[in-house]
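# Structure at a glance
So you can see what is in the structure, the chains are spelled out below.
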Amino acid sequence: MNAIHKHDFSTEAAPIPVGRATFDQVLAPTYAPSNMVPVRALGLDLWDQDGKRYLDFTGGIAVTALGHSHPAVMQALHEQADKLWHVGNGYTNEPVLRLATAFVQSTFAERAFFCNSGAEANEAAFKLARKYAHGKYGAHKSRIVSCLNSFHGRTLFTVSVGGQAKYTEGFEPLPPEITHIPYNDIEAARAALGDDVCALVVEPVQGEGGIVPAAPGYLQALRELCNAKGVLLIFDEVQCGMGRTGDLFAYMGYGVTPDILTVAKALGNGYPVAAMLTTNEIAAAFTVGTHGTTYGGNPLAAAVALKVLQTIYNPEFLARVKQAGQRLRQALQAIAGDYAQVFAEVRGSGLMLGMVLQGAYAGRAKEIAKAAEAQGLMVLIAGPDVVRFLPALVVSDAQIEEAGGLLRKALDAFLSAAK
Ligand SMILES: *Cc1c(COP(=O)(O)O)cnc(C)c1O
């Protein structure tokens, strides 16, 4: 079992197996991926090992916002790959200086911290909030308030802050001093913000929790409560940021500015990169050596992210996202109306939309997603009751129409199989 050389790769003639079955043999069983294995993609088109084409309305879970194989992003990656990949945090680099400056110029932020995933960006945000509050008010101010059904990542701290108990079960003991409150409930937030609270974190549009936008006035009320109580307001825009709602960040559309913003998923269009954005005053709590990560802000990631940010932060691009979001919403609403026994409503913001199942069909989102895949349409779920749509922001009207047609076929097949 523990032989150092179990296998000699240098003399191997037989190809390494790459069928779906190999997943079940050699990967940790944390996922249950589709039976089809994607091999190539362009824009919103994707092809599997058998050459079957799919229309991708998952966007790699809100990641490939500019579509697969976007030419300008590929060029940025290739150009940087020819120059410099990595130097370590003993040196800065030109791409990260450009990227941080672009964030400072395009958002409320005065400082950026770069890392590799949404969970790490939130981990940095929660650690920074505690460090800031401990320095300013004392160590008693440690509590983090977050919303039920929220999702903030899978490290032990972020999954504990997240509001879904099923993700922390079995991982105890959990980090202490975390309180969960119902989303969109201002009175619950008021009651939770005691003198020991250092931060309140919220997704302006809840993603994994079922595509639930903040109600009008909710974020404004949180802002006022946090100001009154000396609590940092953290917006997790890992899923709803980077143009997804039709604004560069959802906070801009709501007109409510956080103290700390986290961004990941779409930032690299598939290249792993994430950021925590904040002000000079708050960032100053992170002094040299208090926090860090080896890959954060490496030249390759920063060069790609800058190209993505520059492409999305464009009034025409964002106006088109809003228009496409309206189109998709109308198409889904028409379908929800025609299949009224299945769907209760369509909700969401911009190109982040969910169809909510009802009645006898509650809990069957996964079956509908599978039926869609059989028709050549890739969609997501957000919990068992919501079919979720996160197409690339460059989706065309023709692709929205095609997706609607495929979804109708999928629903017909699902309903006749369900009889
Ligand atoms: C996906 C997601 C995360 C976690 O991001 P990872 O890159 O998977 O660590 C955090 N917050 C929100 C809102 C997300 O949607």
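The following paragraphs examine the structure supplied in this document. Counting restarts for each chain, with residues numbered from 1 along the sequence as it is written. Thresholds applied to this predicted model are a pLDDT of at least 70 for local features of residues and 80 or more for the giving and counting of side-chain atom pairs; totals over whole chains, interfaces and linings are not thresholded and use all residues. Computation of side-chain values covers all heavy atoms of the structure but excludes hydrogens and water.

Working convention: axes come from line fits to C-alpha atoms, limited for helices to the stretch in contact. Angles between N-to-C directions cover 0 to 180 degrees. Secondary structure is summarised from DSSP: a helix means a run of H or I of at least four residues, a strand means a run of E of at least two, and numbering begins at the N terminus for each. Relative orientation of the contacting elements helix α12 (residues 315-338) and helix α14 (residues 397-418) amounts to 20°, with a least axis distance of 10 Å. In terms of orientation, α12 and α14 fall into the roughly parallel class. You can see that α12 and α14 cross each other, and the crossing is right-handed. The residues of α14 that touch α12, namely those facing Arg320, Ala324, Arg327, Leu328, Ala331, Leu332, Ala334, Ile335 and Asp338, are Asp397, Ile400, Gly404, Leu407, Arg408 and Leu411. By the convention adopted, Pro, Cys, Tyr, Trp, Phe, Met, Ile, Leu, Val and Ala count as nonpolar, Lys, Arg, Asp and Glu as charged, and the other residues, Gly among them, as polar. Tallied by class, the residues present in the contact of α12 with α14 amount to nine nonpolar, one polar and five charged. Roughly parallel means an angle under 35 degrees; roughly antiparallel, over 145; roughly perpendicular, 65 to 115; everything else is oblique. By convention the crossing between two helices is left-handed if the near helix lies anticlockwise of the far one by an angle smaller than a right angle, and right-handed if it lies clockwise. Between two residues, a contact is recorded if the distance between any of their heavy atoms is within 4.5 Å.

This part covers the sheet that holds strand β13 (residues 343-349). Only when DSSP finds a minimum of two bridges between them are two strands counted as paired. Reading across the sheet, the four strands line up as β13-β14-β17-β16 and stay open at both edges, with antiparallel pairing between neighbours. Edge positions in the sheet fall to β13 and β16 (380-381), since each has one partner strand and no second. Note that β16 and strand β17 (residues 386-389) share two bridges and pair antiparallel. Bridge pairing in β17 places Leu380 opposite Arg388. Sheet strands in contact with α12 are β13, β14 (352-357) and β17, and its direction is about 175° off that of β13.

Here a cavity is any set of points on a 1 Å grid over the protein atoms alone where a 1.4 Å probe fits but cannot get out, and a pocket is any open set with protein on both sides within 12 Å along at least 5 of 7 lines; a residue lines the site when it has an atom within 4 Å of a point. Grid points are joined across faces, edges and corners, and a volume is the space filled by probe spheres set on the points. When its volume is computed, the second largest pocket comes out at roughly 880 Å³. Surrounding the second largest pocket, 34 residues form its lining, Asn89, Ala112, Phe113, Phe114 and His291 being those nearest its centre. Only α4 (94-106), β4 (111-115), β12 (274-278) and α10 (280-283) provide two or more residues apiece to the lining of the second largest pocket. A total of four residues in the lining of the second largest pocket trace back to one element, the largest contributor, which is β4. Taken together, the residues that form the lining of the second largest pocket break down as 16 nonpolar, 17 polar and one charged.

Positionally, Asn93 belongs in the loop between α3 (71-81) and α4. In protein, a polar contact means a hydrogen-donor-capable atom and an acceptor-capable atom, both N or O and within 3.5 Å, with residues adjacent in sequence counting only if both atoms are side-chain atoms; elsewhere, any N or O pair within 3.5 Å suffices. Side-chain polar atoms of Asn93 contact the backbone nitrogen of Val96, separated by 2.9 Å.

On to unusual backbone geometry. Of note, the bond from Glu172 into Pro173 is cis; its omega dihedral lies within 30 degrees of zero at 5°. You can see Pro173 is positioned in the loop between α6 (156-161) and β6 (178-181). For Ile61, which is not a glycine, the phi torsion comes out positive at approximately 60°. Relative to the elements of secondary structure, Ile61 occurs in helix α2 (residues 59-62). Positive phi is not limited to glycine here, since Glu177 has a value of about 65°. In this fold, Glu177 is placed in the loop between α6 and β6. With relative accessibility at 34%, the residue Glu177 sits in the partly exposed group. Only protein chains enter the area calculation, which uses a 1.4 Å probe; residues under 20% of their type maximum are buried, those over 50% are exposed, and those in between are partly exposed.

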